[in-house]
Amino acid sequence: MNATAEYDVIIIGSGPGGYVAGIRAAQLGLRACVIEKDKPGGICLNVGCIPTKSLIHQAGIFLSRSELERMGVAVDTGGFDYHRVYEKSRKAADMLSMGVQYLLKKNNVPLIHAAARIVSPRAVSLDDGSRIEGKNIIIATGSRPLEIPGFPFDEDRVLTSTGALFLQELPRRLIILGAGAVGCEFAYIMNAFGVEVCLVEMMNHILPREDDETVAVLERSFRRKGISALTGTRAHSLEKSGGTLSVSLENTEGNKKTVETDKVLVVAGRTPNTDGIGLEDIGIDTVKGFIPVGDYYLTAADGVFAIGDVVSTPLLAHVASREAEITVEYIAGLHPEPALDPLTIPSAVYTEPQIGSFGMTESDAQRNGVAFRKAVFPYKGSGKAVAIERTDGFVKVLYNPETKDILGAHIVGHNATELIHELLLARASGLKSGDITSMIHAHPTLSEMVLDVMRAVEGRSINV
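Residues numbered from 1 in each chain as written. Predicted model: local features only at pLDDT ≥ 70, side-chain atom pairs only at ≥ 80, totals over all residues. Heavy atoms only, no water.

Taken as a whole, this structure holds seven aromatic pairs when the rule is applied. Relative to F80, the ring of F62 lies with its centre 4.7 Å away and its plane at 40 degrees, an arrangement referred to as tilted. Of this pair, F62 sits in helix 3 (residues 49-63) while F80 sits in the loop between helix 4 (65-70) and helix 5 (82-106); the two residues are 18 residues apart in sequence, bridging distant segments of the chain. Using a relative accessible area of 32% as the deciding quantity, one classes F80 as partly exposed. Relative to F193, the ring of F62 lies with its centre 5.3 Å away and its plane at 45 degrees, an arrangement referred to as tilted. Taken together, the residues span a long stretch of sequence, with F62 in helix 3 and F193 in the loop between helix 7 (181-192) and strand 10 (196-201) at a distance of 131 residues. Under the relative-accessibility criterion, F62 is labelled buried at 16%. (Phe/Tyr/Trp six-rings, centres within 6.5 Å; stacked < 30°, edge-to-face > 60°. Helix = DSSP H or I, 4+ residues; strand = E, 2+ residues; numbered from the N terminus. Buried < 20%, exposed > 50% of the residue type's maximum accessible area, 1.4 Å probe, protein only.)

Below you can see the structure in the form of structure tokens.
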């Protein structure tokens with residue numbers, strides 16, 4: 001592309017923030033283009049959410065052989081080939097990446113394959129020497145794995161999440177540094193396929209941002225599966241000796257140990273892709289790599305916006321997508337809410353049992369002096385959960401004792417990532433417990449647990 005083009009919105013990056021921004025802009029009558037130097041769909045579709053969930057799905061199928069064995073079916077896993085698992089995950093990612101291209105084309109949004117650099121608040125240059133001009137620019141360049149001292153990535157022995165997704169043969173042993181959502185999901189996947197897994201987490205429990213009681217259920221499940229979790233522990237150094245890696249660890253009490261492994265997966269965080277895109281040329285300073293933004297995700301440069309992983313909101317695909325809609329609607333002259341309410345952002349962890357949550361945890365409420373009560377309903381009280389043999393977990397709601405407003409909800413158990421949204425809808429819409437308890441829920445369903453936990457809020461539990 002050598003000719004100068006005029007757009008209402010130039011979007012840099014085609015991940016869940018960038019491509020949604022392009023489509024929403026087109027819907028609102030704005031002329032937009034999306035610039036992407038890699039595969040359409042960004043990290044999420046290509047080397048993140050989607051291929052990971054494919055692996056998790058296949059891990060669940062593989063684990064279900066034990067249920068067949070309880071029925072007297074002999075299952076021979078001698079022909080198991082992990083390469084076929086890998087291929088299915090890539091097929092899912094490729095299909096959705098092509099889907100992004102289709103959606104952009106359908107909405108008449110040009111997808112320009114190039115690396116972009118911002119040269120002014122109204123123009124970007126491409127690596128082919130051409131220049132594109134527009135009235136607004138949206139930065140949606142995403143993030144990359146964070147490297148920690150002593151563990152340089154080589155994608156052979158020391159892996160990023162991307163390297164782990166591209167494994168075509170499984171190691172015998174794996175140490176995972178970082179027990180956030182990504183670390184826990186890979187622990188579940190690898191353990192399901194027979195890998196000896198050790199999780200290492202600096203904080204005092206895995207998934208440190210989740211509710212303590214919720215996480216305790218997953219920790220017990222991990223122990224039953226044979227996943228070792230070393231919490232309150234820091235990895236200091238790595239030594240290579242032949243085919244073995246030795247990782248030096250130290251816990252908060254000063255106790256040291258060395259653990260041997262075949263590969264190390266480092267998922268201790270991510271860093272925003274804000275270097276090399278010209279921010280310094282338009283007066284935008286970053287804070288720890290993140291771009292400061294105000295209302296509607298506007299940066300210090302007029303007409304330049306930043307969304308998704310490059311700003312210091314939760315690094316989640318669904319956050320980037322909603323930020324994209326808010327930004328584009330503002331550019332189009334609409335009046336959306338100026339930013340996301342952090343208490344209505346759902347979190348999802350796709351282990352088994354799953355975890356779905358939003359809003360305050362008990363620790364958050366106590367730390368901030370917020371008065372609350374909690375209502376809990378166990379999975380074992382659900383007829384559907386008993387029928388499908390998925391009784392591990394509970395639904396918990398924190399609420400204001402006077403107004404009954406929902407302050408937060410935390411579900412751990414089968415399909416928790418789906419169940420959380422009825423409670424989130426209630427919270428976002430200002431519904432009270434009575435609005436849910438007066439609504440008939442089909443029987444038997446897992447969603448009845450939402451009905452039952454809200455009955456508990458009203459002090460009239462029936463099924464527990």
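Peptide bonds are mostly trans, and most non-glycine residues show a negative phi. Residue P353 is bonded to the preceding E352 through a cis peptide linkage, with omega at 5 degrees. Looking at the element boundaries, P353 is found in the loop between strand 18 (347-349) and strand 19 (354-359). Residue H443 is joined to P444 through a cis peptide bond whose omega torsion reads -5 degrees. Of note in the backbone geometry, E155 takes a positive phi value of approximately 60 degrees without being a glycine. The residue E155 is located in the loop between strand 7 (143-145) and strand 8 (158-159) in this model. Here E155 falls in the partly exposed class, since its relative accessible area comes to 37%. Backbone geometry at L207 places phi at a positive 45 degrees, although glycine is not the residue there.

Compared with the 21 Å implied by 1.5 Å per residue over 15 residues, the 21 Å span of helix 3 between its first and last C-alpha is a close match. Listed in full, the buried residues belonging to helix 3 are P51, T52, S54, L55, I56, Q58, A59 and F62. (Expected span 1.5 Å × (residues − 1).)

In this section: the pairing of strand 10. Among the six residues that make up strand 10, five are buried, leaving the element largely enclosed by the rest of the structure. Looking at chain direction, strand 9 (residues 173-177) and strand 10 are connected through five bridges and run parallel. Among the inter-strand pairings, I175 is bridged to a residue of strand 10, identified as C198. Once you follow strand 9 into helix 7 and on to strand 10, the crossover reads as right-handed. By the bridge criterion, four bridges tie strand 10 to strand 11 (residues 228-231) in an arrangement that is parallel. By the bridge assignment for strand 11, C198 is matched with S228. In the classification by handedness, the crossover that spans strand 10, the intervening helix 8 (residues 212-225) and the parallel strand 11 is right-handed. (Pairing = 2+ DSSP bridges. Right-handed = clockwise from strand over helix to strand, strands pointing away.)

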